[in-house]
Amino acid sequence: MKSSYSLFSKYKDEAFKKFKNLYELKVSKANSKKKVSLEFHDELSRNEYSKIQNELGAYSRVIISIKDDLERDVNKEFEHLFNDASNSFPTKSKNKIIQLLAELDAMDQFFDYWGNQDLNSKNELRNDEKEKVIWKGKNQTEFVQLVYMLFHSNLITNESNLITKLVPQIAELLNFELTTNWKNDISSSIHKTKIGYQPPILEKLRSAFDSYKDEKIDKKRKN
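The structure displayed is predicted, hence computed values, not measured ones.

S.K.: What is the right way to read the overall build of the protein from this model?
M.R.: Across its full length, the protein holds 10 helices and 0 strands. Helices and strands in the protein line up, N terminus first, as α-α-α-α-α-α-α-α-α-α. In terms of overall dimensions, the protein is more spread out than a globule: its C-alpha atoms have a radius of gyration of 26 Å, far above the 17 Å expected for 223 residues. Oriented by its inertia axes, the alpha-carbon framework of the protein measures out at about 80 × 45 × 40 Å. Looking at the protein residue by residue over its 223 residues, the buried ones come to 30%. Across the protein, contacts joining residues at least 24 apart in sequence account for 68% of those joining residues at least 6 apart.

S.K.: What should I look at first to understand the confidence of the model for the protein in this one?
M.R.: Segments scoring low in pLDDT should not have their predicted coordinates read at a detailed level. Averaged over every residue, the pLDDT of the protein is 85; residues scoring 70 or more account for 91%. Within the protein, helix α6 (residues 119–128) has the poorest average pLDDT of any element, 52, and helix α4 (residues 78–86) the best, 94.

S.K.: What is the right way to read the packing of helix α7 (residues 140–152) against helix α10 (residues 200–222) from this model?
M.R.: Each pair of packed helices can be described by the angle between their axes along with the distance between the axes. Remark: α7 packs on α10, axes separated minimally by 9 Å, with the N-to-C direction vectors making an angle of 80°. Between α7 and α10, the angle falls in the class roughly perpendicular. Mapping the contact onto sequence places Glu142, Gln145, Leu146 and Met149 in α7 and Pro200, Ile201, Leu202, Lys204 and Leu205 in α10. Partitioned by chemical class, the residues of the contact of α7 with α10 number 6 nonpolar, 1 polar and 2 charged.

S.K.: What is the right way to look at the packing of α7 against helix α8 (residues 163–173) in this model?
M.R.: Relative to each other, α7 and α8 sit at 125°, their axes nearing to 10 Å. Classed by the angle they form, the pair α7 and α8 counts as oblique. The two elements α7 and α8 cross, and the hand of that crossing is right-handed. Where α7 abuts α8, its residues Phe143, Val144, Val147, Tyr148 and Phe151 lie against Ile163, Leu166, Val167, Ile170 and Ala171. A breakdown of the residues in the contact of α7 with α8 according to their chemical character gives 10 nonpolar, no polar and no charged.

S.K.: Where do I start with α4 in this structure?
M.R.: Think of an α-helix as 3.6 residues a turn; residues three or four steps apart then line up on the same face. Three or more residues of α4 are buried, namely Phe78, Leu81, Phe82, Asn83 and Ser86. Elements in contact with the buried residues of α4: α1 (4–29), α3 (62–72) and α5 (94–115).

Definitions and cut-offs
- Residues numbered from 1 in each chain as written.
- Predicted model: local features only at pLDDT ≥ 70, side-chain atom pairs only at ≥ 80, totals over all residues.
- Heavy atoms only, no water.
- Helix = DSSP H or I, 4+ residues; strand = E, 2+ residues; numbered from the N terminus.
- Rg over C-alpha atoms; globule rule 2.2 N^0.38 Å.
- Buried < 20%, exposed > 50% of the residue type's maximum accessible area, 1.4 Å probe, protein only.
- Contact = heavy atoms within 4.5 Å.
- pLDDT = per-residue confidence, 0-100.
- Axes fitted to C-alpha atoms, helices over the stretch in contact; angles between N-to-C directions.
- Parallel < 35°, antiparallel > 145°, perpendicular 65-115°, else oblique.
- Nonpolar A, V, L, I, M, F, W, Y, C, P; charged D, E, K, R; others polar.
- Left-handed = near helix turned anticlockwise from the far one by under 90°.

Structural data, given as structure tokens:
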């Protein structure tokens, strides 16, 4: 019977090869290799890594604890520490825990591999990915109302803390062209409102989020 460490090493090698091969395959087939490279790294680090950590629960810190021990005592060996730690794993789920720990460590190894790619290429990747952010709405009043709501709820501001500067700043960031009378539009929309008035943009946002939420819940139920 293989030791826990032997299984760990086997699973880790397999997982790293899987990540590396999938990464290289996706990049080789992509029209925008730079974009795909970043997207693959982000998907793995933000989603898959967290997913495995959540599945492991408290066991997700096993490798970290072992590496901390090795830093404190250079005479210790990873293999022995891992075998000792694995003795506390539940028998029924022991193999699964070892496999998940191996995948987690393989991801760390892949991140090192990804980070050690040619530095100039990495800088080119990030520079090329500075895409424009676009406001797709057509209604100027709704755009201004949204910025005002964010500002007055203390969720967003600028260095001068002036809403009159913030609106055009956000418009420029989102590539939205304001007309010269945008201040009159927001003032008019406020003074014409009745008690209990809610800007239409609020209902659009609420409805869109509800649809997204229902879609995610429905998808999870089906799976």
